[in-house]
Amino acid sequence: MKAAGPIELGEGKSSAPRAGVNRGMAILDFILRILAFIGTLASAISMATTNETLPFFTQFIRFRAEYNDLPTFTFFVVANGVVSAYLLFSLPFSIFNIVRSKAQNIRILLIILDTAMLGLLTAGASAAAAIVYLAHRGNVRTNWFAICQQYNSFCERISGSLIGSFIGVVLLMLLILLSAVALSRHK
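Here is what the cut-offs are and how they apply
Residues numbered from 1 in each chain as written. Predicted model: local features only at pLDDT ≥ 70, side-chain atom pairs only at ≥ 80, totals over all residues. Heavy atoms only, no water. UniProt positions renumbered as here; feature names shortened; annotations may be inferred. pLDDT = per-residue confidence, 0-100. Helix = DSSP H or I, 4+ residues; strand = E, 2+ residues; numbered from the N terminus. Contact = heavy atoms within 4.5 Å. Expected span 1.5 Å × (residues − 1). Axes fitted to C-alpha atoms, helices over the stretch in contact; angles between N-to-C directions. Parallel < 35°, antiparallel > 145°, perpendicular 65-115°, else oblique. Left-handed = near helix turned anticlockwise from the far one by under 90°. Nonpolar A, V, L, I, M, F, W, Y, C, P; charged D, E, K, R; others polar.

- For the protein chain, an unreviewed UniProt entry supplies the name CASP-like protein and the organism Salix brachista.
- Quoted verbatim from the Sequence similarities (unreviewed entry) field of UniProt, the annotation for the protein chain is "Belongs to the Casparian strip membrane proteins (CASP) family."
- The UniProt entry for the protein chain carries this comment under Subcellular location (unreviewed entry): "Cell membrane".

In structure tokens form, the structure reads like this:
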């Protein structure tokens, strides 16, 4: 028979507090997914419905600015749409993590897919941010004139859609960190 040694920290405690913390983290994961879904969907819809028409000299000649005039904005809409669809389809997995807080395989799958979606969303938002910057400031060296003085409503909407997308980026980062912490607690 071997004599029992001193109890180390963490030994002999029940797993009830740990399960409660894991369930709380899973609920926070679910809420963050819903918020990120709302942000990315609102960004996609806002950008996809953005257009403005200005008269030029007469009513018969008009200039029109639409989001799909620039492929970067089209990529932005597609990226936000894909990420919002992913976030919607990941909600059942998040609910599964609430019910079974010890499930590790689902968390590993979500952390991998969340990272891929973070890359896609960051690429779309960053590319669109560069074009929005040029729309606001212009670039004299390349003869790109600032258009936001003329197309004020257009520029306000595309800038607003960028805000929602970057909020989605931050929320995805938090989801990845939350999943990593939850996985590290399962040791």
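Now that the structure has been shown, we can carry on.
Details of the confidence of the model for the protein chain
Consideration 1: For the protein chain, the mean per-residue pLDDT works out to 82, and 79% of the residues sit at or above 70.
Consideration 2: At the level of individual helices and strands, the protein chain shows its lowest average pLDDT in strand β2 (residues 58-66), which scores 61, and its highest in helix α2 (residues 71-99), which scores 93.
Consideration 3: Here residues 8-12 is a poorly scored stretch, pLDDT under 50, and it has zero contacts once near neighbours within four places are set aside; other chains count.

Some remarks on helix α3 (residues 105-137)
Consideration 1: Compared with the 48 Å implied by 1.5 Å per residue over 33 residues, the 47 Å span of α3 between its first and last C-alpha is a close match.
Consideration 2: Positive backbone phi, at 75 degrees, marks Gly 138, one or two positions downstream of α3.

Section: the packing of α2 against α3
Consideration 1: Viewed as axis vectors pointing N to C, α2 and α3 meet at an angle of 160 degrees, and their least axial separation amounts to 9 Å. Regarding the angle of α2 to α3, the classification is roughly antiparallel. Crossing of α2 over α3 shows left-handed handedness.
Consideration 2: By residue class, the composition of the contact of α2 with α3 is 21 nonpolar, six polar and two charged.

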